[in-house]
Amino acid sequence: ILANMTFESYNTNRTIFESIADSMHMAGYLKPIMEDTARKPIKFCGVFLKSFVLGSLIQKAVQDEKYVGLMIPTSNACALSVFGLHAYGKVPAMINFTSGPKQVISTCETIGLKTIVTAKKVVSMAKLDNLIEALTEAGIRIVYLEDLKPMLTFKDKLFGVFGALFPKTAYKKTSGGTVKPDDTAVVLFTSGSEGMPKAVFLSHRNLLSNCYQLPARFDVTPNDVFLNCLPMFHSFGLGAGTFVPLLLGVKTFLYPTPLHYRIIPEICASTKATVFFGTDTFLAGYAKCANPYDFNSLRIVASGAEKVKDETRKIWSEKFGVRILEGYGATECSPFIAVNTFLHSKKGSVGRLLPGISYQLKPVEGITEGQELWVKGPNIMQGYMRHTDPQHLDPPQDGWYDTGDIVSIDENGYITIKGRCKRFAKIGGEMISLMAVEMVAEKRWPGFIYGAVNIPDAKKGEKIVLFTTCKDATEEEIVSAF
């Protein structure tokens, strides 16, 4: 009841830009709020100053284009570009530059994207020359942040100072005062069933709702420090890692990649981070490389996107004295749906639904343990745009989103994921979970990678093939383990 009351007390009837402006008013204009690897902290008022200046430069380059692609790693520059586009009523489309040229071009065609903003330093360090060449050949214009600097005028700087002091007044002027809470705030991309990405449209209200659902369950304080190394082209890194701390007036440190297993623990120690998000794969990698002191300051460690293995949970508990709080979400839900907390936690589950989210369970033919989960709430996306039907928004039917996950929910509301609906093989009329096969193999030979797929079979309809990096694995031992 208290969590629901807390969530209801937040005002989601405004835009993200307005909400962060209100947060600055509460936290203080001069509070250091954002930092990256350059190690030059930006004060709260500096976020708005730089956002208005950068937004004006991008505005000169893109003119009347509504959607603008951003291809920048997690950093101050990426966050400021998002806010700069918001300041001028634009919608940032976060480009996953780690995917192939075919997928990136598909995302641009899906929403009618004409321009992508990036930086020459990014292209050089991430070795994106082939991607840039493919985009240019496809007719997508590339704008480099370095090329925008000569366009900066004294008037832009002066207006930036005005925006830092009176962000809401300046925002009404630059955005035209027409942006509404239910307008699109950001476009993210998720894999389609045929491999072509789908565009997920999230409104200001969607993102704000999810950002406020989390602190309704966690006691985030003004003295906390977030460490975000997740990519901002994923909703986990953009929402929980970037928007949440700014909306709560809490400092965040932005690191460009989660793959630096030795560096990130050192960053955590030097920044004295207290809140950290990651996936099981990343958390396991950090644990192997980190000194016990590195994560001494951490208070909240939340994991999502994949199941947390017992080995990961054990090493974090024994080596660092930290309990990993496993959660569950989807890009379409901005992203969090459920999470375990310090007060309410059940091992093996992904926690309980966040405040404001309703659910339905629908039976799936052939599956006896668990049902398909459908959710509804203020954080559910506006809809999809698909490559097969570009520039046409397909909203969720009656507001309900089909997660495609088979789950069970106990009497206390804890959700346990049994597997993906599409990750079941029908063998001789029986539905077999591919995830269950992977878990059995993982238990028998821990520390290796496993991936189960179903393929056609002439006798039983389908059969399961297990791919693994373990050379000692045998079919006989896996079968006997069941």
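Residues numbered from 1 in each chain as written. Predicted model: local features only at pLDDT ≥ 70, side-chain atom pairs only at ≥ 80, totals over all residues. Heavy atoms only, no water.

## Structural notes on helix α10 (residues 167–175)
Among the residues of α10, P167, A170, Y171, T174 and S175 are the ones counted as buried. Along the long axis of α10, the arc covered by the buried residues comes to 115 degrees, so they all point the same way. Residues K172 and K173 are exposed on α10 and point more than 90 degrees away from its buried face. Buried residues in α10 make contact with α2 (16–27), α3 (44–62), α4 (76–87) and α9 (154–165). Looking one or two places after α10, you find G176, whose phi comes out positive at around 85 degrees. (Buried < 20%, exposed > 50% of the residue type's maximum accessible area, 1.4 Å probe, protein only. Helix = DSSP H or I, 4+ residues; strand = E, 2+ residues; numbered from the N terminus. Arc of directions from axis to C-beta. Contact = heavy atoms within 4.5 Å.)

## Let's talk about the side chain of S235
Structurally, the position occupied by S235 is in helix α12 (residues 235–247). The class for S235 is buried, based on a relative accessible area of 6%. If near-sequence neighbours (up to four positions away) are discounted, S235 is found in contact with L188, A240, A330, T331, S334 and P335.

## Comments concerning the pattern of salt bridges
Under the counting rule described, the total for this entry stands at 14 salt bridges. Here K168 and D22 are joined by a salt bridge, their closest N and O atoms 2.6 Å apart. Pair noted here: K168 is in helix α10 and D22 is in helix α2, with a separation of 146 residues, a long-range link. Residue class for K168 comes out partly exposed when judged on its relative accessible area of 36%. (Salt bridge = Lys/Arg side-chain N within 4 Å of Asp/Glu carboxyl O.)

## Overview of the layout of surface pockets
Roughly 430 Å³ of volume is contained in the second largest pocket. Lining the second largest pocket are 13 residues, and of these V437, I464, E475, I478 and V479 lie nearest its centre. Every element with two or more residues in the lining of the second largest pocket is listed here: β25 (461–468) and α17 (475–481). Looking at the lining of the second largest pocket element by element, the count peaks at 4 residues for β25. Grouping the constituent residues of the lining of the second largest pocket by class yields 10 nonpolar, 2 polar and 1 charged. (1 Å grid on protein atoms, 1.4 Å probe; cavity = no way out; pocket = protein on both sides within 12 Å on 5 of 7 lines; lining within 4 Å. Points joined across faces, edges and corners; volume = space filled by probe spheres on them. Nonpolar A, V, L, I, M, F, W, Y, C, P; charged D, E, K, R; others polar.)

## With respect to the packing of α2 against α3
Here α2 crosses α3 at 150 degrees, and the two axes come no closer than 9 Å. The orientation of α2 relative to α3 falls into the category roughly antiparallel. Contact with α2, carried on its side by F17, I20, A21, S23, M24 and A27, involves F44, C45, F48 and F52 of α3 and no other residues of that element. Its residues placed into classes, the contact of α2 with α3 shows 9 nonpolar, 1 polar and no charged. (Axes fitted to C-alpha atoms, helices over the stretch in contact; angles between N-to-C directions. Parallel < 35°, antiparallel > 145°, perpendicular 65-115°, else oblique.)

## Thoughts on the nonpolar core
The biggest cluster of nonpolar side chains holds 139 residues, and the ones touching the most others in it are M94, I111, L135, F276 and W316. Ranked by residues supplied to this core, first place goes to α3 with 10 residues. In this view, M94 contacts L70, C78, V82, V186, V187, L188, F189, M232, F233 and L238; residues no more than four positions away in its chain are not counted. Core analysis: the second largest hydrophobic core is formed by 5 residues, A441, W445, Y450 and C470 among them. (Core = buried A, V, L, I, M, F, W, Y, C linked by side-chain atoms within 4.5 Å.)

## So, the sheet that holds strand β16 (residues 358–362)
Taken in spatial order, the 4 strands of this open sheet run β16-β17-β20-β21, and their pairing is antiparallel. Every other strand in the sheet has two partners, leaving β16 and β21 (415–420) as the edge strands with one partner each. The sheet shows a mean angle of 45 degrees between the axes of neighbouring strands, taken without regard to direction. Strand direction decides the pairing type here: strand β20 (residues 401–409) and β21, joined by 5 bridges, are antiparallel. Across the sheet, the residue bridging to I406 is G419, located in β21. (Pairing = 2+ DSSP bridges.)

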